[in-house]
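Notes for the structure review
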Amino acid sequence: MSQTPASIYPNIGPPPPPQNTVTPTATPPSEEDEKCAKIKRFLGGAILIALVVIAWHLYEHFTYDPLHNVTESPTEHEIHEFTRSLYELEQQHNPYLAKVNFQGKTKASYRDDRAPHPLLQVNEDLLTSEGAESRTIVLMRRLFDNYELDTHATEHVTEEEQQEEDEFLRAVLDTPVMQKTMKFLEFKGVATNNRDSQLRLLKDMWFTQYSRGQGRVGSSGFEHVFLAEIRDGTILGLHNWVYFHEQEKLGHLNYKGHIEKLNLEKDGHYLMALRFSFHNINKSYNTLFVGTSPELELSLYTMCFLLSVGQPCAVQLGHAKFSIITHAWDWHGKKMVATAYPSLEK
């Protein structure tokens with residue numbers, strides 16, 4: 001007896017009759033919903049861009065080291081051309097004149113005093129007037145009482161002192177001499193054309209406080225080069241003629257004769273090697289410029305530090321050729337100015 005499929009598979013029956021079903025349709029978004037979505041996308045993108053920019057500035061601030069960003073080594077010819085043109089600007093804009101009384105010639109090994117009179121006689125109006133030509137000198141002199149002579153004395157820079165540092169650097173950046181220097185450093189890949197970045201570069205290099213020993217933070221590049229320091233009975237730095245003159249007037253410094261002198265192209269501008277005592281401590285050999293502007297000296301030292309630190313940096317001012325010597329101080333992974341000075345050694 002044959003069986004139908006339904007009787008063989010009792011659980012399988014004929015398919016159920018089709019049911020009338022309605023497929024739901026999506027409701028189109030309103031104009032208000034589309035506007036909200038666009039605003040959310042815009043805000044999300046803006047926040048992402050802002051985070052990226054902030055992250056980059058933080059990275060640049062904590063990791064930027066201009067000493068590691070030199071794109072190519074400058075040739076001696078490049079630096080000669082640049083420094084010669086820089087000095088031409090100096091002559092046009094900064095006719096500083098100091099009367100220099102060289103007196104007796106001496107040697108580093110001598111102990112006698114071959115100069116009974118002060119080295120420098122300077123027009124006091126030049127040191128106090130805030131005219132365009134002497135503004136940087138006036139602002140630099142305001143910094144002279146901000147520091148301790150002893151490198152082992154811990155220094156605390158006040159907010160007012162930081163403002164004085166910034167005002168001095170801004171005035172320097174306003175000068176044609178430093179503006180030309182920054183363009184050259186931008187060309188060499190160690191500076192930017194952003195003024196705030198330039199200010200930060202100079203501030204970090206010259207005014208960052210660090211320790212020269214015993215773990216006490218009491219030194220900086222500016223203090224060492226443009227003023228003076230005493231460490232364990234030894235005179236350090238003192239390579240600026242304005243500070244030299246001020247200490248002579250105060251009776252703290254006794255000039256004892258010149259070892260060598262080089263006349264720069266302009267009358268009253270010199271490069272000297274000399275002997276002196278400071279607070280009754282002898283320094284048998286020291287070099288400094290005489291009659292030049294703070295911006296010229298800061299420009300030369302900054303350029304040589306960034307492009308040729310640790311090596312003699314051959315420069316030319318007018319017809320005079322000589323070297324700038326710079327050394328770095330490694331402080332928490334960054335390079336600070338340890339010293340910078342002109343050299344008359346052949």
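You'll find the protein chain entered in an unreviewed UniProt entry as Endoribonuclease CG2145, with Musca domestica given as the organism. We quote the UniProt Sequence similarities (unreviewed entry) comment for the protein chain here in full: "Belongs to the ENDOU family." The heading Cofactor (unreviewed entry) in the UniProt record of the protein chain holds the text "Mn(2+)".

Regarding the pattern of salt bridges
It is possible for side chains bearing opposite charge to pair when their charged atoms get close. Applying the stated criterion to the full structure yields twelve salt bridges. Note that K249 is salt-bridged to E124, the shortest N-O span being 3.2 Å. Within this pair, whereas K249 is found in helix 10 (residues 241-250), its partner E124 is found in helix 4 (residues 124-128), the two being separated by 125 residues in sequence. For D330, the salt bridge goes to K335, with nearest N and O atoms at 3.6 Å. Through salt bridges with shared partners, a single ionic network connects D112, R114 and R275.

Considerations on the sheet that holds strand 7 (residues 253-263)
Spatially, the three strands line up as an open sheet ordered 7-8-9, and their pairing is antiparallel. Two strands bound the open sheet, and with one partner strand each, they are strand 7 and strand 9 (281-290). Averaged over neighbouring strand pairs, the angle between their axes works out to 20° when direction is ignored. Here strand 8 (residues 270-278) pairs with strand 9 via eight bridges, running antiparallel. By the bridge assignment for strand 9, F278 is matched with I281. Packed on one face of the sheet, helix 10 meets strand 7, strand 8 and strand 9 and runs near 150° to strand 7.

Side note on the environment of K99
Of note, K99 is situated in strand 1 (residues 98-100). In this structure the C-alpha to C-alpha distance between K99 and H269, which are 170 residues apart in sequence, comes to 9.7 Å. K99 has contacts with L119, L120 and Q121, leaving out every residue within four places of it along the chain.

Things to note about a nonpolar patch on the surface
Residues I39, F42, L43, I47 and L51 make up a contiguous nonpolar surface patch of roughly 540 Å² in combined accessible area. Mapped onto the elements, I47 comes out in helix 2 (residues 31-63). Using a relative accessible area of 51% as the deciding quantity, one classes I47 as exposed.

Focus: the sheet that holds strand 11 (residues 320-331)
Sheet architecture is open: three strands sit in the order 10-11-12, paired in antiparallel fashion. Two strands close off the open sheet at either side, each with one partner strand: strand 10 (313-317) and strand 12 (334-343). Recorded for the sheet is a direction-independent mean angle of 35° between the axes of neighbouring strands. Where strand 11 lies against strand 12, nine bridges are found, and the strand directions are antiparallel. Along strand 12, the bridge assignment pairs W331 with K334. Helix-sheet contacts for helix 11 (residues 294-308) involve strand 10, strand 11 and strand 12, and the interaxial angle to strand 11 is about 65°.

Points about the packing of helix 6 (residues 159-173) against helix 11
Between helix 6 and helix 11, the least distance of the axes is 10 Å, while the angle of their chain directions is 85°. When the axes of helix 6 and helix 11 are compared, the pair comes out roughly perpendicular. Between helix 6 and helix 11, the residues in contact are F168, L169 and V172 and P294, E295 and L298, respectively. In terms of residue class, the contact of helix 6 with helix 11 is built from five nonpolar, no polar and one charged.

Quick look at the nonpolar core
Ranked by size, the top nonpolar core spans 84 residues in total, and within it F168, W206, F222, F244 and M303 carry the most contacts. The leading source of residues in this core is helix 11, at nine residues. With residues near it in sequence (within four places) discarded, F244 still touches L119, L120, L238, L253, Y255, L274, F276 and L288.

Reading the values: the criteria
- Residues numbered from 1 in each chain as written.
- Predicted model: local features only at pLDDT ≥ 70, side-chain atom pairs only at ≥ 80, totals over all residues.
- Heavy atoms only, no water.
- UniProt positions renumbered as here; feature names shortened; annotations may be inferred.
- Salt bridge = Lys/Arg side-chain N within 4 Å of Asp/Glu carboxyl O.
- Helix = DSSP H or I, 4+ residues; strand = E, 2+ residues; numbered from the N terminus.
- Pairing = 2+ DSSP bridges.
- Axes fitted to C-alpha atoms, helices over the stretch in contact; angles between N-to-C directions.
- Contact = heavy atoms within 4.5 Å.
- Patch = residues over 30% accessible without salt bridge, like charges linked within 9 Å, V, L, I, M, F, W, Y side chains within 5 Å.
- Areas by Shrake-Rupley, 256 points an atom, 1.4 Å probe, with all protein chains shown as cover.
- Buried < 20%, exposed > 50% of the residue type's maximum accessible area, 1.4 Å probe, protein only.
- Parallel < 35°, antiparallel > 145°, perpendicular 65-115°, else oblique.
- Nonpolar A, V, L, I, M, F, W, Y, C, P; charged D, E, K, R; others polar.
- Core = buried A, V, L, I, M, F, W, Y, C linked by side-chain atoms within 4.5 Å.

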